[in-house]
Amino acid sequence: MSQYQPPLTDIRFALHDVLGAEPLLARLGFTDATRDIIDAVLEEGARFTATVLAPLNRVGDEIGCSYDKATGEVATPPGFREAYEQYVEGGWPALTADPAYGGQGLPQLLGVPVKEMIDAANLAWGNFPLLSHGATEALLHHGEDWQREVFLKPLVEGRWTGTMCLTEAHCGTDLGLIRTRAVPRADGSYGISGTKIFITAGEHDMTGNIVHLVLAKLPDAPAGSRGISLFVVPKVRVARDGTLGARNAVRCGAIEHKMGIHGSATCVINFDDAEGYLVGEPNRGLMAMFTMMNTARLAVGLQGLGLSDRALQNANRYARERLQSRAPGGARYPDKAADPIVVQPDVRRMLLTCRALVEGGRLLGYHAVSLVDVMTGAQDEAERKEAAALVDFLTPIVKGCLTEWGVECTYQALQCFGGHGYIREHGMEQLARDARITTLYEGTTGIQALDLAGRKLLQLKGEGLRAFLGMIESFCRTHGDDPALQEFIAPLRQHARDWAALSQDIAARAQASPDEIGAASVDYLFYSGYVALAYWWARSVAAADASTQSLDFKAAKRETARFYFARILPRTLAHRAAIDAGAATLMALPDEAF
């Protein structure tokens, strides 16, 4: 069985030494987020995830959710509901929520490590409260006063959970094709009819009500995505004064049988003239839904990070314990029958690859979420605007890269076990199966890449990219004369310049052929992610050198950074070559040849 121990030392290093969480948050008005409070939250989050959630991870995988066809009800795996009750009792759903609706008002930056620990401990369980945060954000920013009052408080308390209902059997990415309809009623509500699929936590036994955020079209809606509206449709009817009524005409029609996350209920949800309320303006639902979706995309990136870290922890332990053969240069442990496999160069390659992607990815993800706090708390309008552009730019990178690296890391960690990784005993195959979904839901990697290259680079003219390049240049100027960082500064500065030039090249090619964006987008996504991690690794070395961490910790950061710059950052060369190849080799083959 795989084990999990929350990596509090590296989490604290990321928050305090690299990101400077306490002074940053104090400047943004989060005066309660002192270092003592941050560390106390981390300690309690570690206790809850390690002792309550992690032991249920295998249970959820082996037993899964069950569906009662007669009633349409879903039962979660043993222990899941009791764990959720402890989650609510601990106040975790309210951690970063608005105090006006019962939240604790702590910063998003403090919520992110808790989220990482939950996902690493038990990804399937973590999916049940996952979308409640997004539903809260959508209603907070787009709902009417009464909707915020009625729906937000129970969502924040955790008494209810939320969902996001977009996908239909005939359409996923192209939401303009949705067939779900909303018919106005005399009392101001709407009758919602249609079927949505792949609805995470669409039905379960953890809470008394489930708040569905549903995309649908009004009778007079324009064609395509311009005609989409957003509706809040509770499982149990809720009047405008908050009074609960009868069961709504919302029913789970089936649950999916999946490759992984068996403990998560992925539902087909049928709406049969169900009572719902319009959220925001008619035909502007896609804008409101993207408020929810962008929150979820950052959250899913953290799922990839959490699974990567758990897989690495188990591979590290196994590599130190598994005795097999001798080191290439002769016995390193002559008192043992064989050396542990950690002495083998290729095993170290796999472990260091995971380590570099996990620890660098942690900073990439945490920083992106911290920008949400800057957007809401900074006094300077220019700072808020830059933070908004930067988080907009980084969201597809966080979601796309951290999840793809999650697949890579769970694969590499499993590989360290050899054949033992393929059997269920060690739990590694579950991590590999669970990680695969993260690259798919909330927008596939290809969708993230198109968003980055097509919208963030071209449509928004690279505003967020310029902000990130500015961060890199500022760091390089500050540390340009530091002899301890010279091995990182020069290549980082050159890669930043190449990134800027590549972005301009792609924009120019797109003028000649619209296929060039799609042809370059995934390689551009990874190119961007690898350069971004180079920046965070250089900053890690600088922060470690200036910190009170142990000499061993500092040495490990430096050596891992050297590994990253020498062996992983050169992946950008392959991505650049693929981009330079253009669209011709992709589009030359006739459609009928496939």
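The structure this text deals with has already been given above.
Residues numbered from 1 in each chain as written. Predicted model: local features only at pLDDT ≥ 70, side-chain atom pairs only at ≥ 80, totals over all residues. Heavy atoms only, no water.

Hey, could you run me through the environment of F475 in this one?
With respect to the helices, strands and loops of the structure, F475 is situated in helix 14 (residues 463-478). Separated by 64 residues in the primary sequence, F475 and R539 have C-alpha atoms spaced 7.9 Å apart. Discounting chain neighbours no more than four positions away, the residues touching F475 are L485, I489, L492, Y535, A538, R539 and A542. (Helix = DSSP H or I, 4+ residues; strand = E, 2+ residues; numbered from the N terminus. Contact = heavy atoms within 4.5 Å.)

Just to check I follow, could you spell out helix 1 (residues 8-18) for this structure?
Within an α-helix, residues lying three or four positions from one another point in the same direction, as the helix has 3.6 residues per turn. Counted residue by residue, helix 1 has nine buried out of 11 residues, so it is predominantly covered. When we look at burial in helix 1, the residues that qualify are L8, D10, I11, R12, F13, A14, L15, H16 and V18. At its buried positions, helix 1 is contacted by helix 2 (21-27), helix 3 (35-53), helix 6 (108-121), helix 10 (345-377), helix 16 (515-546) and helix 17 (551-568). (Buried < 20%, exposed > 50% of the residue type's maximum accessible area, 1.4 Å probe, protein only.)

Help me understand the nonpolar core, please; the structure alone is not making it clear to me.
In summary, soluble globular proteins display a tendency toward joint burial of nonpolar side chains. Counting residues in hydrophobic clusters, the biggest one holds 159 residues, and the most contacted among them are W125, F468, W499, Y524 and Y564. A97, V238, V279 and M292 belong to the second largest nonpolar core, which has 35 residues in total. (Core = buried A, V, L, I, M, F, W, Y, C linked by side-chain atoms within 4.5 Å.)

Would you explain empty space enclosed by the protein in this entry?
Left-over empty space is what a probe sized like a water molecule reveals as it rolls over the atoms. Applying the stated criterion to the full structure yields two cavities of 30 Å³ or more. Taken as a whole, the largest cavity spans an internal volume of roughly 40 Å³. Lining of the largest cavity is provided by M1, S2, A54, N57, R58, R310, G427 and Q430. Here the residues of the lining of the largest cavity sort into two nonpolar, four polar and two charged. Of the pockets and cavities examined, the second largest cavity occupies roughly 30 Å³. Surrounding the second largest cavity, L305, S308, L357, V358, L402, W405 and C409 form its lining. Sorting the residues of the lining of the second largest cavity by element identifies helix 9 (285-321), helix 10 and helix 11 (381-416) as the ones contributing at least two each. The element contributing the most residues to the lining of the second largest cavity is helix 11, with three residues. Partitioning the lining of the second largest cavity into residue classes produces six nonpolar, one polar and no charged. (1 Å grid on protein atoms, 1.4 Å probe; cavity = no way out; pocket = protein on both sides within 12 Å on 5 of 7 lines; lining within 4 Å. Points joined across faces, edges and corners; volume = space filled by probe spheres on them. Nonpolar A, V, L, I, M, F, W, Y, C, P; charged D, E, K, R; others polar.)

Would you mind going over the layout of surface pockets with me for this structure?
Size it by volume and the second largest pocket reaches roughly 850 Å³. Lining of the second largest pocket is provided by 29 residues; of these, L312, N316, R320, R355 and E359 occupy positions nearest its centre. Going through the elements one at a time, helix 1, helix 9, helix 10 and helix 17 are the ones with two or more residues in the lining of the second largest pocket. Classifying every residue of the lining of the second largest pocket by side-chain character gives 12 nonpolar, seven polar and 10 charged.

Would you mind going over the packing of helix 9 against helix 11 with me for this structure?
Two measures define how a pair of helices packs: the angle their axes make with one another and the distance between the axes. The geometry of helix 9 relative to helix 11 is characterised by a closest axis approach of 8 Å and an angle of 25° between their N-to-C directions. The orientation of helix 9 relative to helix 11 falls into the category roughly parallel. Crossing hand, helix 9 versus helix 11: left-handed. (Axes fitted to C-alpha atoms, helices over the stretch in contact; angles between N-to-C directions. Parallel < 35°, antiparallel > 145°, perpendicular 65-115°, else oblique. Left-handed = near helix turned anticlockwise from the far one by under 90°.)

Hey, could you run me through the packing of helix 15 (residues 486-512) against helix 17 in this one?
Where helix 15 meets helix 17, the closest approach of the two axes is 11 Å, and the angle between their N-to-C directions is 30°. With respect to the hand of their crossing, helix 15 and helix 17 are arranged in left-handed fashion. Here E487, F488, P491 and L492 of helix 15 lie close against helix 17, whose contacting residues are R558, A561, R562 and F565.

Help me out: how do you make sense of the pattern of salt bridges in this one?
Oppositely charged side chains can form a pair if their charged atoms are brought close together. On inspection of all chains with the given rule, the structure shows 42 salt bridges. D10 is paired through a salt bridge with K557; the nearest N and O atoms lie 2.7 Å apart. Of the two residues, D10 is situated in helix 1 and K557 in helix 17; the sequence distance between them amounts to 547 residues. Since its relative accessible area comes to 9%, D10 is described here as buried. Classification of K557 by relative accessible area gives buried; the value is 3%. Put simply, E321 and R317 hold a salt bridge, and the shortest N to O gap is 3.8 Å. Highlighted residues: E321 and R317, both in helix 9, separated by four residues, approximately one helical turn. A relative accessible area of 51% places E321 in the exposed class. (Salt bridge = Lys/Arg side-chain N within 4 Å of Asp/Glu carboxyl O.)

What exactly am I supposed to notice about the side chain of N209 here?
Mapped onto the elements, N209 comes out in strand 6 (residues 209-216). With a relative accessible area of 1%, N209 lands in the buried category. Polar side-chain contacts of N209 include one of 2.8 Å to the backbone nitrogen of V236. Other than its neighbours up to four places away in sequence, N209 contacts R159, W160, T161, P234, K235, V236, V238 and L244. (Polar contact = N/O pair within 3.5 Å; in protein donor to acceptor, adjacent residues only side chain to side chain.)

How do you make sense of the pairing of strand 4 (residues 181-184) when you look at a structure like this?
In regular strands, side chains alternate between the two faces of the sheet. Direction of pairing for strand 4 relative to strand 5 (residues 190-200): antiparallel, over a ladder of four bridges. Each bridged residue has a counterpart across the sheet, and for A182 the counterpart in strand 5 is I192. Here strand 4 folds back onto strand 5 in antiparallel fashion, the turn holding five residues, of which G188 has a positive phi close to 95°. (Pairing = 2+ DSSP bridges.)

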